[in-house]
Amino acid sequence: MTPPARTAIALDPVDVAGRLRLSAFRLTRLLRQQDTEGLAPTLSAALATIDREGPLTLGELAAREHVAPPSITKAVEKLVGMGLVARTPDATDRRVARVRVTPAGRRRVTQNRSRRTAWLATRVRALPPEDLAKLDAAADVLEQLIRESAEAGDVT
């Protein structure tokens, strides 16, 4: 059931931000639960980042994941052990190692993304057309917020 429409005049940006944050958090948790491969959320997030932005040094990966270097080192070791990522020496500085996704890791990321999208699409398909249009418009606004934050240097 769709909640009653709110007028723009009565909206408090702080209240909207709070509701949005909580909804995004809950949706993210539900989407993570669709990963049936048993990969912990930290490992899944690191793997997806390496796939999207790699090859990366461990320091770069730790910064992007907002975790301490020792934590990312442990996560990468697990991913290497599972054959999902590989370490390679940096081309310009042999003291530095970079991590890149392996073909098995790329398959895992693709499967997880597909499974999550399919789960969400099933729920979105059940919405009335006007709610689908609202979600589409909301996605545009969210993408704009993300783009502006990236341009301002707010996100890594």
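Residues numbered from 1 in each chain as written. Predicted model: local features only at pLDDT ≥ 70, side-chain atom pairs only at ≥ 80, totals over all residues. Heavy atoms only, no water.

**Q** So what's going on with the overall build of the protein chain? Which residues, and what values?
**A** The secondary structure content of the protein chain amounts to six helices and three strands. Element order for the protein chain, N to C, with α for helix and β for strand: α-α-β-α-α-β-β-α-α. Relative to the globule expectation of 15 Å for 156 residues, the C-alpha radius of gyration of the protein chain, 19 Å, shows a markedly less compact shape. Once the C-alpha set of the protein chain is aligned to its principal axes, its extents read approximately 60 × 35 × 20 Å. Burial status across the protein chain gives 22% buried among its 156 residues. Considering only contacts in the protein chain between residues 6 or more positions apart, those separated by 24 or more positions represent 53%. (Helix = DSSP H or I, 4+ residues; strand = E, 2+ residues; numbered from the N terminus. Rg over C-alpha atoms; globule rule 2.2 N^0.38 Å. Buried < 20%, exposed > 50% of the residue type's maximum accessible area, 1.4 Å probe, protein only. Contact = heavy atoms within 4.5 Å.)

**Q** I'd like to hear about unusual backbone geometry, residue by residue, with values.
**A** With omega at 0 degrees, the peptide bond leading from Gly 54 into Pro 55 counts as cis. Tracing the backbone through its elements, the reader meets Pro 55 in the loop between α2 (41-53) and β1 (56-57). Positive phi outside glycine occurs at His 66, with the angle close to 60 degrees. Of the residues examined, His 66 reaches a relative accessible area of 64% and is grouped as exposed.

**Q** Please give an account of the pattern of salt bridges that cites residues and values.
**A** Counted under the stated rule, the structure contains nine salt bridges. In this structure, Arg 113 engages Asp 51 in a salt bridge whose closest nitrogen and oxygen atoms are separated by 3.3 Å. Residue Arg 113 is found in helix α5 (residues 103-125), and its partner Asp 51 is found in helix α2; the two are separated by 62 residues along the sequence. Since its relative accessible area comes to 16%, Asp 51 is described here as buried. Here Asp 90 ties to Arg 98 by a salt bridge, and the two come within 2.5 Å at their closest N and O atoms. Classification of Arg 98 as partly exposed rests on a relative accessible area of 23%. Three or more residues joined by partner-sharing salt bridges are found here, namely Asp 51, Arg 106 and Arg 113. (Salt bridge = Lys/Arg side-chain N within 4 Å of Asp/Glu carboxyl O.)

**Q** Can you break down the sheet that holds strand β3 (residues 97-101) residue by residue, with the values?
**A** Taken together, three strands build an open sheet; the order of strands is β1-β3-β2 and the sheet is antiparallel. Where the open sheet ends on each side, the last strands, each with one partner, are β1 and β2 (85-89). Here five bridges tie β2 to β3, and the two strands are oriented antiparallel to one another. Among the inter-strand pairings, Pro 89 is bridged to a residue of β3, identified as Ala 97. (Pairing = 2+ DSSP bridges.)

That is the geometry; function is a separate question.
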